[in-house]
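Here are the chains, one letter per residue:
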Amino acid sequence: MTDRDDLDMLAAEFVLGTLDARERAAVAVRRQSEPDLDEMITAWERRLSALADEVTPVTPDPELYQQIEQHIDALETRLAGADTDSHDKSNVVSLHKRLRRWQWSTALASAAAMVLVAVLIFQPAPEQRPQSFVAVFQQNDQQPAFMLSVDLNNRQMQIRPVTAEPMQGKSYQMWIKADSLGPNPRSLGVLNDNFELERAALRDYDPELLKEATFGISVEPEGGSPTGQPTGPAIHGYLYPVADEAPGPSH
Amino acid sequence: MSEPFSSSTTGRAPSGSESPSQPVSPDQISELLKGVAAKDRSAFATLYEATAPKLLGTIIRILNNRGWAEEVVHDTYIKIWRKADQFDATKASAITWMVTIARNGAIDELRKQPASRKAPEDELNQLASKEPNAQSQVENQQTVNRLNLCLEELEKDRRDMVRLAYLNGWSRADLATHFDQPVNTVKTWLHRALKQLKGCLTP
């Protein structure tokens with residue numbers, strides 16, 4: 001068997017999906033700098049794609065599209081960049097839309113939404129515009145929920161529990177994942193007994209990366225994940241920009 | 001806590017009917033993807049409507065959990081929105097490109113969870129009960145028939161392995177457990193099966 005055959009089989013198994021997490025991650029990195037491997041992968045994708053034909057389609061929950069649109073709104077708003085008034089208003093509008101959805105999605109989510117409203121209202125009018133972002137971690141009513149706020153100017157973060165409660169013998173651990181960080185999440189630290197995390201945990205991350213990143217909180221054995229990767233169930237959130245000015249009383 | 005923060009999967013019937021509203025041709029999907037590359041939101045909405053059931057079906061079969069699968073669908077469409085301009089029609093069809101992003105996302109997620117498969121028997125039954133789709137959704141019928149013919153030439157165990165891996169996301173270790181073989185044997189079998197398939201598919 002030649003090296004080229006080996007490489008072709010690596011590509012084939014990558015496409016088939018039988019490699020373990022570490023092998024998959026290694027191939028994903030290698031293909032960026034190895035055109036041969038990349039081409040072999042594409043060829044296998046083409047060869048096997050007809051297998052996907054036998055999958056039964058499943059219509060998604062209509063809510064899913066709204067969530068995707070809101071995520072894209074957030075990405076595009078950020079790209080638009082300009083700190084104009086109309087931009088601020090559109091943020092408020094999209095946040096309100098999100099709040100409405102949260103309010104009827106689950107009881108827990110509406111609790112999270114109320115906290116978010118409170119934050120919007122009580123945020124003092126800023127002297128200098130902070131780049132404030134929030135992420136809400138929500139799931140069904142059995143699950144804990146947190147809220148994360150980040151000021152991108154100084155990369156300070158604050159995590160607040162909304163309905164999350166301490167669990168005997170378990171710790172909550174916070175993670176960040178972004179395309180540019182590779183396929184695996186990176187730990188931002190383990191939450192202490194007061195649900196606090198070091199405020200400067202984000203200092204090594206570029207603000208642009210933070211805006212696109214997925215944040216996760218997982219349940220781990222006490223003291224944090226023994227493997228360096230999330231081992232327990234996890235909930236996820238994305239950062240959304242918060243309008244600089246509090247919504248008025250008309251809200 | 002057996003399921004990783006899954007949303008409730010019961011009592012949330014999809015609003016639409018199970019049948020796709022409008023069959024969309026591969027060329028149309030390719031055009032829509034071009035629109036998405038130009039950040040056309042209405043093209044994105046149409047593309048989503050035409051393809052999301054296919055991607056969700058693909059991901060659910062791998063993850064076996066609807067809430068989790070919808071999260072991966074979410075990530076998949078964000079990637080599609082951001083990377084549509086990287087789609088190269090000379091290398092793959094648009095839907096293959098999208099299914100690839102979806103499968104990669106689902107398998108990456110699955111490999112991070114050490115949980116073992118709960119009901120392999122269900123998945124095997126699902127495999128056995130496959131019925132050819134009346135209308136091919138991913139590839140043209142000729143391509144599908146050709147691959148099926150080549151799969152038929154494989155020994156049954158090896159054919160099942162390829163399909164369980166591709167469709168259900170089974171790892172080498174999952175296959176080794178089920179087929180009661182050492183992992184290295186599974187790897188050898190897979191490689192032989194894949195080479196045989198490649199030979200059969202090469203004109």
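About the criteria used
Residues numbered from 1 in each chain as written. Chains lettered and ligands numbered in written order. Predicted model: local features only at pLDDT ≥ 70, side-chain atom pairs only at ≥ 80, totals over all residues. Helix = DSSP H or I, 4+ residues; strand = E, 2+ residues; numbered from the N terminus. Buried ≥ 20, exposed ≤ 12 C-beta atoms within 10 Å, placed from the backbone. Contact = placed C-beta atoms within 7 Å. Core = buried A, V, L, I, M, F, W, Y, C linked by C-beta atoms within 7 Å. Nonpolar A, V, L, I, M, F, W, Y, C, P; charged D, E, K, R; others polar. Axes fitted to C-alpha atoms, helices over the stretch in contact; angles between N-to-C directions. Parallel < 35°, antiparallel > 145°, perpendicular 65-115°, else oblique. Left-handed = near helix turned anticlockwise from the far one by under 90°. Pairing = 2+ DSSP bridges. pLDDT = per-residue confidence, 0-100.

As a further point, take the overall build of chain A. Assigned secondary structure in chain A consists of 7 helices and 8 strands. Looking at chain A as a whole, 33% of its 251 residues are labelled buried. Counting contacts in chain A only where the partners sit at least 6 residues apart, residues at least 24 apart contribute 59% of the total.

Helix and strand counts for chain B come out as 9 helices and 0 strands. The helix and strand sequence of chain B, counted from the amino end, reads α-α-α-α-α-α-α-α-α. Considering chain B as a whole, with its 203 residues, one finds that 42% of them fall into the buried category. Put simply, 66% of the contacts in chain B that link residues at least 6 apart link residues at least 24 apart.

It is worth spelling out the nonpolar core at this point. Counting 66 residues, the largest nonpolar core has Ile 59 and Leu 63 of chain B as its most contacted members. Per element, the largest residue contribution to this core is 11 residues, and it comes from helix 2 (residues 41-63) of chain B. Ignoring anything within four residues of it in the chain, the contact list for Leu 63 of chain B reads Trp 68, Ala 69, Val 72, Ala 106, Glu 109 and Leu 110 of chain B. Residues Leu 152, Met 174, Leu 188 and Ile 235 of chain A belong to the second largest nonpolar core, which totals 30 residues.

A few words on the interface of chain B and chain A. Listed per partner, the contact involves 60 residues of chain B and 45 residues of chain A. Counting residues per element, the ones that place at least two in the side of chain B that touches chain A are helix 2, helix 3 (66-83), helix 4 (94-112), helix 6 (141-152), helix 7 (156-168) and helix 9 (183-201) of chain B. With 9 residues, helix 2 of chain B is the largest single contributor of residues to the side of chain B that touches chain A. Among the residues making up the side of chain B that touches chain A, the classes are represented as 28 nonpolar, 16 polar and 16 charged.

All names here are of chain B. Their axes nearest at 9 Å, the elements helix 3 and helix 4 cross at an angle of 135 degrees. Our classification of the angle between helix 3 and helix 4 gives oblique. Here helix 3 runs over helix 4; the crossing is right-handed. Across from Val 72, Asp 75, Thr 76, Lys 79 and Ile 80 in helix 3, the residues of helix 4 making contact are Met 98, Ile 101, Ala 102, Gly 105, Ala 106 and Glu 109. Along the lines of polarity and charge, the residues of the contact of helix 3 with helix 4 split into 6 nonpolar, 2 polar and 3 charged.

So, about the packing of helix 1 (residues 3-16) of chain A against helix 3 (residues 35-48) of chain A. Residue and element names in this part refer to chain A. As a packed pair, helix 1 and helix 3 sit with axes 8 Å apart at the nearest point and diverge in direction by 50 degrees. On the basis of their axis angle, the class for helix 1 and helix 3 is oblique. The way helix 1 lies across helix 3 gives a crossing that is right-handed. In this structure, helix 1 contributes Leu 7, Asp 8, Ala 11, Ala 12, Phe 14, Val 15 and Leu 16 to the contact, and helix 3 contributes Asp 36, Leu 37, Met 40, Ile 41, Trp 44, Glu 45 and Leu 48. For the contact of helix 1 with helix 3, the class distribution of residues is 11 nonpolar, no polar and 3 charged.

Glancing now at the pairing of strand 7 (residues 234-238) of chain A. Residues and elements named next belong to chain A. Summarising burial for strand 7: 5 of the 5 residues are buried, a large majority. Along strand 7, one buried face is formed by Ala 234, His 236 and Tyr 238 and the opposite face, lined by Ile 235 and Gly 237, is buried too. Sheet topology note: the strand 6 (residues 214-221)/strand 7 ladder contains 5 bridges and is antiparallel. Across the sheet, Phe 215 pairs through a bridge with Gly 237, a residue of strand 7.

Right, let's get into the sheet that holds strand 5 (residues 186-190) of chain A. Whether parallel or antiparallel, the strands of a sheet pair through hydrogen bonds between backbone atoms. Residue and element names in this part refer to chain A. Across the sheet, which stays open at both edges, the 4 strands sit in the order 5-4-6-7 with antiparallel pairing between neighbours. Lying at the two open borders of the sheet, with one neighbouring strand each, are strand 5 and strand 7. Going across the sheet, the axis of each strand differs from the next one's by a mean of 25 degrees, ignoring polarity. Note: strand 4 (residues 170-177) against strand 5, 4 bridges, orientation antiparallel. In the strand pairing of strand 5, Met 174 is matched with Gly 189.

With that settled, the discussion passes to the environment of Lys 177 of chain A. Residue and element names in this part refer to chain A. In this fold, Lys 177 is placed in strand 4. On the basis of neighbour counts, which here come to 17 C-beta atoms within 10 Å, the residue Lys 177 falls in the partly exposed class. Remark: the alpha-carbon pair of Lys 177 and Ala 213, spanning 36 residues in sequence, is separated by 5.6 Å. Setting aside residues no more than four positions away along its own chain, Lys 177 makes contact with Pro 185, Ala 213, Thr 214 and Gly 216.

What follows concerns the confidence of the model for chain B. All names here are of chain B. With 78% of its residues at a pLDDT of at least 70, chain B reaches an overall mean of 83. Between residues 1-21, whose pLDDT stays under 50, and residues either more than four places distant or in other chains, the model counts 32 contacts. Predicted as a complex, the structure gets a pTM of 0.61 and an ipTM equal to 0.84.

Residue and element names in this part refer to chain A. Structurally, Phe 14 is set in helix 1. For the pair Phe 14 and Glu 45, spaced 31 residues apart in sequence, the C-alpha to C-alpha distance is 9.5 Å. Apart from the residues within four sequence positions on either side, Phe 14 is in contact with Leu 19, Arg 24, Val 27 and Ile 41.

Residues in a regular strand point their side chains to alternate faces of the sheet. Residues and elements named next belong to chain A. Most of strand 6 sits inside the fold, with 6 of its 8 residues counted as buried. Two elements, strand 4 and strand 6, share 8 bridges in a ladder whose sense is antiparallel. Bridging across to strand 6, Lys 177 finds its partner in Thr 214.

Another aspect to go through is unusual backbone geometry. All names here are of chain B. Its identity is not glycine, yet Lys 39 carries a phi of approximately 65 degrees, on the positive side. With respect to the helices and strands, Lys 39 occurs in the loop between helix 1 (26-37) and helix 2. A tally of 14 C-beta atoms within 10 Å means that Lys 39 is categorised as partly exposed. Positive phi, close to 55 degrees, is recorded for Asp 180, a residue that is not glycine. Here Asp 180 shows up in the loop between helix 8 (172-179) and helix 9.

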